[in-house]
Each structure stands twice: as structure tokens, then as C-alpha cells.
Amino acid sequence: MTLHAIGNAHIDPVWLWRWTEGLETIRSTFASVLERMKEFPEFRFTGSSAAFYWLLEQTDPNMLSEIRQRVREGRWELVGGWWIQPDCNIPCGESFVRQALNGQRYFQKTFGVTATIGYNPDSFGHAGTLPQILRKAGLTRYVFMRPGPHEKSLPANVFWWQSPDGSRVLSARITRSYATWGKELIQHVEASAEGAPDFLDDYIVFYGVGNHGGGPTIHNIRSLLEMAQNPQMPAVRLSTLSAFFESVEAQAAAGAPVPVVPEDLQHHARGCYTAHSEVKRQNRRTEHLLMTAERVASMAWALLGREYPQEPLTEAWQSVLFNQFHDILAGTSLPEGYEDARDLYGHAAALGGYALHTSLQALTRQIDTRGEGTPLVVFNPLPWQVRAPVEAERVSAHLSNESGIPVPAQEIQSSTVTSQRRSVFVIDLPPMGYRVLRADVQAAPSTPSGTLRAEVNADGATLENDFWRLEVNTAGHLVRLYDKRHRVETLSAPANVGVVLDDPSDTWSHNVASFRNEIGRFDGAQLAIEELGDVRACLRIETRWGNSWMIQRLYLYRESEIIECRATINWQEQYRMLKIAFPLRLQEPRVTAESPYGFTMRNPNGEEEPCQQWVDLSGWTTDDEGERISYGFALLNDSKYGYDALGSELRLSILRSPAYAHHDPSRLEPQKRYRYIDQGIQTVTYRLVPHAGGWQEAHIARRAWELNVPPLTVNEYVHEGSLPPTASLLHVEPESVLVTVCKKAEDADALIVRAYESTGKPCTARIEMPLIGVRWEAPIGACEIKTWRVVPGKPPEIAEVNLLEEVVDT
């Protein structure tokens, strides 16, 4: 057995310190590493995170030049290939792609190399869809440490990690720790040797003092060199991860029985899925803002020749990527770190918002908006047809479509105290396209179709349309959700309930698998009908628990199946957790949750799990006549990332309130006053989606995107234009394929289009850009991510590329 000693310096750029101190640590640590290289010619160093080198470039370009020389010598190994070491559950799939795109491009530009080893030793669990994203970005190997052996049993500490599409990366789990302190190195080496797989001749031992410790020390290096000469110790040599993996790959090719692990690598620190609601809300918001800005800006470039805002969007993405560092996005940093994160999200949002709305209005300026009344352009940023509610400020309820047919609209309360008009309407929109409506048109009043009722009575309140009947009791709990089309009672007990849980765990919730100690429920409701009109009804539910209050607004639409709840919470509790619970009338349920560019299926065992925009519980139930029917229930959300499911009860995790950066075994001192997470007002929007059949047939993945990416409106003026009053710019079929990205290529006058198969069934993707004359078909495997480079022209040039936008051999 050869132990490859990997010199490293684990650096948290933000944790118990702000990014400014993180930069100080990067500079001092890299300076120390360079000194050690002068002193010990055998010494090798392994480092990740392109953002560290970018920051160094701004402050000490001479040091960066010295590092560049060591990279050329093969003594400074660049790994990771990502902008930062992010949380590996919460970012969306495209964020992981951009981690690689920005990280690998920076490494190539600055050092002339790209990484081959994914590297996230400190992240708190790893989504099972990552191997495909890693491999398609040139990262064929992976190193991690959490979850440790006490948290997840693995067949060996070296294995093939396989994602649902079949992609594999050769992975290694670090034994014991990535860092060493003091004189514990001998015990550390021995423990690492014990963690080595018995079917291989090689394994790894990490050494070096992390964060403010300067990395590998003189004592570390001398001790390891002495061990190498000691026959009583495991065979140790100063090495690199590349050398280790090359040896393992050779042994695997020769028949070494390297096992396969086809699942996510969980769990560590489950409280991090929910801690610090605001940073998670801003992450979701800016991810979608930037993807939307790219789709719109790319169409303005392709159709109008408008300059694409490449540099601002890259800067915005890099700001978001930095904030996805695992101790920031997980909610485990100091309070001042979140002030910096807020500012960085604001910077990204300003850049993305400017790119989006200037590109959008450049497009709407070219639409022929001539006609009676004031033109209102309604734009769908998603590449599939949607039927969506739209709220528009300064728009009257007198609307007609491009054919002069009245559109049912309803005046609602403005977001200000003034008499300014605000209206809501439901409209069908073409795929990534638009329609021009006419406001203030004198026309016959619209006649809404369908039933819509809402009332408050002594027993509570009722909302009803042609699809659903909802009943709320005087406590403010949803006691009935009846599916009128399938004649199914959905609930088994009061639902949409704010459940308060005792949560004495630290910020990470170390060694906690579930949150089940209920201590109260929001109740004592004040009920009121806020809206009832041609378009929708709104029931306001005000409840309290302890020192906190919650307002839930339940929306039901006359001509839409959407059931939406917008919750505003004023939270004034500490070391408590809030969940929204839905006990369901389901048998043999199975839970499925969105993960980055995919989904994960689990058993509903009550444990806390990560999710993204949606989570679904499906099984079977019976209708009014006792007939068995396949049925399910999905929860879509705009900002949450944790849930649990126990049997047939599904609960969405809303917030947790420990002290900032409280890490076991530290204890709060009674005489001191601390700052607590998630205090005060926050908001969340979620949709309830009962459905016959499975989540795939209900197109839950698309419905979740529709919640998170609503239509946009532009109050245009009357003018001629080269674009018609309604059009589609980008369209994808079938419904299982989601096109998430359309952007300009990094280094070419071409479009980059990315899609993924969302249901686990292979198919043929059909993608069309009608206004620029581009259409193509391509097979896409189950759970596969595919990317194409499209050069518009006659004929257009279309080539499949990897996630780094390099042409692949198909």
C-alpha cells in the first residue's frame, strides 16, 4: 500500500470571518506554500477554487506569476475546476454547470491547464446527479469527505460514483480529515491507512493546516519524509491527486473490483437545507433572473443583432457562484457575512436585471403594436406554452387580445396606498414568446366562464371552482381539498398547517436525522375574503403561535387549475423550526424531489431531505365510489430547499432559528445576547398540485419552473415594427424535455442551447427557433443533459458540445 500524501490548505473564504479576511488568508497561505516549495523540492501542493486565484490576481499579480511557474513544473496541482467549493445540494443544475464553465475557463486562461478532478471535501452532502455534470465538464474524478463513515456507509472509500443517466466518475472519500494540526500526523497517517480499500495498492492521506494556519508546515513535510524511510510506518510519499487517480485507474483497467455507488452521497448537516431563508431566497431569485436574462438577450442578439451583454452576465454569474460557497449558502456563516452576500446578490441582480429588461424592450420596440388602446406586451420567458396568471401595475381591467376579443381581467389591490390601478388576468402564451394585448379598449365586457365561489361563515371558509373545493376551519387549517374532476378527497387530516418544532440543534443540525418534536401549531385564525372577481378569489388566513404571526393568502382561479398560497411570516422564536404540513390520503406512497438537473426518489421515512423547486408524494387512493386510482400530490415552491415525508404526510421546511454559526460542542452562555437566524418578516410562495397518475404525467418539473419564472410585461407604446403581434422565439418538445439555457457562446458567434430529460425516459428532443429558421431533432437519454451550439444561417450549423462548449464526438 502506497499512501499519497496530499499537501493542501482548506480555506473557507467566508465562515467565521468576512470575505476580506478570507482574501488575507488566501494571500498568506499561498505565500507560505511557495516558501515551502523553495525549502523542499519533493513538496507538492493541491489547490482548488478559481475564485481564489482571481482574487489574488487583483491584489498580487506577482505571486500569481510565481504560482503559474509552479503549475508548469507540476508541483502546484490545480483541482476542482469550479469557481468555488459550493454547497452541493442547493444550487440549481445550471449553477453547477457555471461553476465548471467559469472555473475551467479561468484555469485555462491563467495557467494553460484545466482540472480533471472534482474537489469538494468540505461540502455537506452531494447530489446524485453531479457525476454527469462533472464528467461533461472534463472532471472524471472526484474527492470529498462528508458524509463520513458514521453518516453514510460505502462499500469502499474508492468507488465509481454513478448518476442516473449512467455517467461515472472515479471517487475517493478522505479518511479522518483534510487537515492536520500539531503533532498528530502519525496517528493521522495510520488512520488513513486503515481506511484504504483492500483491493487497491494506493490511497490518500491529506495534510496541512487549514484556514489561517498556512497550509502544510515545515514539521508536516519533515515528518512525512521521515515516515517514508521508516519500515514500521505505511509507505508514504509526497504526491498529487493526479498521481493517485492515475494509479487507481490503471488498477481498475487491470481488473481491480472497484465498486459502483449509484446514489447521492448524503447526509451531513441536514439543518443546512433550511437555515437562513434570505440567502436561499436570493439564490433562487438570481439564478432564474440570470438564466432568463440570457434567454431574452440571446434572442435580441440573434433577431436584432443587438450586442450581447457577455461581460456583465459573466460578472453577475461569478457573484452568484461565490455566494454558493458551502458556508454561505448553507446558512452557517457569521451575520456580517450575510450583509456581504446580500450586497453581492444585489450586484448580480442589478447586472442581470439591466441585461434582461433592456434586451426585452429592444425586442418589444420591434413589435408592430399598432391598434386601438394602449399596447401591453406579455412575454413568456419559458420555451414551452404556458397558461399563467399575470399581475400588472398601472393596467386597467379592460383588456382585449390581438384579435379584439375581450380578456377577463380583475382589478386588485395595488402594491401602494395610492389609487394606482393593478389588474390580474390569466392568459395563454406561446413558447418563449409574446402576445400584444390592448388596454383601455372600449369593447363589450368579457364574460368569464367557469365557476368561482368564496365565502366566510361560522364554520370557517370555502373556496371553489370547477376543479377544486377547498374548506378552511376556524383554526385556519385546510380541512378539505376535493378534486372534483377525479372525485378524490386529497387530505387525511387538517393541512396547510404551520407546525412548530422544538429544534435545540446547532446551526448545522449535526447528528440530527429528523425534526419530529412538535410543540405547537399556528391557529386562532382571522379569515377574510380579499378578492372575488372574474379571474380569482383570495382567502386571507391570519394565525399566530407564541410571539409570531403568519398571513397565508390562498388563491383559486376561475379558469386555471392553480392553487397558490403566499405566506408572510413574522418569526420571533429561537431554536424552533417551522414546517407547513400536508397529511394526504395516499397508500404506498413514494417521495420524489427535484435535484440539480434531475430528481431523486426516496422512501417517506420521516428524515429531513434536500429538495429544490418541487417535491412530490405519489401512490394510490380511492375515489368517491371506492375505485382505486393512481394519485399524487406535489408541492412547488419559490425559495425552499428542505422537506420531510413520513408515510403519507408531506412537510415543507420553511425556516430554522438557531444562533448564527453555532457549532457543537459550543454552548450558549446565559449572560450573553446572541443574534438568531430568520428573525422577523419573510415570505414564501408555494403551490399545491394534486394530480391523477404519477408526477411525470402531471409535468411537475415544468409546473415548478412556471411558478419560479412568471411572465413579464412591458407597457409599450404604439408603433410599427418588423415583428408580428404574437410570436414564439424558442420551442421544445416533448414535455419531458426542459430547455433551461439559451445564451450566446463564450467564444463564438453562436447560440448555446441546453436541455435535460426530466422524467427518466429516453426520447427524441425537438427544438425550434421559428423566427430565425432553425429546427433540429436529437435523441436524449433518460435523465441526460445535452448542449448544442447553434450557428444561425441558411442552413444553420448545429453541433453537440460539452458543458465547456467544446464540440464532442457523437
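Residues numbered from 1 in each chain as written. Predicted model: local features only at pLDDT ≥ 70, side-chain atom pairs only at ≥ 80, totals over all residues. Heavy atoms only, no water.

Quick look at the side chain of T787
Move 1: Mapped onto the secondary structure, T787 falls in strand 45 (residues 785-791).
Move 2: The exposure class assigned to T787 is buried, which follows from its relative accessible area of 1%.
Move 3: At 3.1 Å, the side chain of T787 forms a polar contact with the side chain of R754.
Move 4: Contact partners of T787, with chain neighbours within four places excluded, come to I752, V753, R754, A799, E800, V801, N802 and L803. (Helix = DSSP H or I, 4+ residues; strand = E, 2+ residues; numbered from the N terminus. Buried < 20%, exposed > 50% of the residue type's maximum accessible area, 1.4 Å probe, protein only. Polar contact = N/O pair within 3.5 Å; in protein donor to acceptor, adjacent residues only side chain to side chain. Contact = heavy atoms within 4.5 Å.)

Let's talk about the layout of surface pockets
Move 1: In this structure, the largest pocket spans a volume of roughly 1500 Å³.
Move 2: Lining the largest pocket are 47 residues, with E391, R422, R566, T685 and P710 sitting closest to its centre.
Move 3: Grouping the amino acids of the lining of the largest pocket by side-chain chemistry returns 20 nonpolar, twelve polar and 15 charged.
Move 4: Taken as a whole, the second largest pocket holds about 730 Å³ of empty space.
Move 5: Taken together, 29 residues form the lining of the second largest pocket, with W54, W83, E315, Q318 and S319 sitting closest to its centre.
Move 6: Residue assignment for the lining of the second largest pocket shows that the elements contributing at least two residues are helix 2 (50-59), helix 4 (93-111), helix 10 (310-323) and helix 12 (335-364).
Move 7: Per-element accounting of the lining of the second largest pocket gives the leading share, eight residues, to helix 10.
Move 8: Split by residue class, the lining of the second largest pocket holds twelve nonpolar, nine polar and eight charged. (1 Å grid on protein atoms, 1.4 Å probe; cavity = no way out; pocket = protein on both sides within 12 Å on 5 of 7 lines; lining within 4 Å. Points joined across faces, edges and corners; volume = space filled by probe spheres on them. Nonpolar A, V, L, I, M, F, W, Y, C, P; charged D, E, K, R; others polar.)

A word on the pairing of strand 17 (residues 433-439)
Move 1: Most of strand 17 is tucked away, with seven of its seven residues classed as buried.
Move 2: Burial along strand 17 is two-sided: the face carrying G433, R435, L437 and A439 and the face carrying Y434, V436 and R438 are both buried.
Move 3: Bridge count between strand 11 (residues 374-379) and strand 17: six bridges; the pairing is antiparallel. Bridging from a neighbouring strand, P375 pairs with R438 of strand 17.
Move 4: Across two bridges, strand 13 (residues 399-400) lies against strand 17 in antiparallel orientation. Bridge pairing links L399 to A439 in strand 17.
Move 5: Note that strand 17 and strand 39 (residues 726-728) share three bridges and pair antiparallel. Bridging from a neighbouring strand, G433 pairs with S728 of strand 39. (Pairing = 2+ DSSP bridges.)

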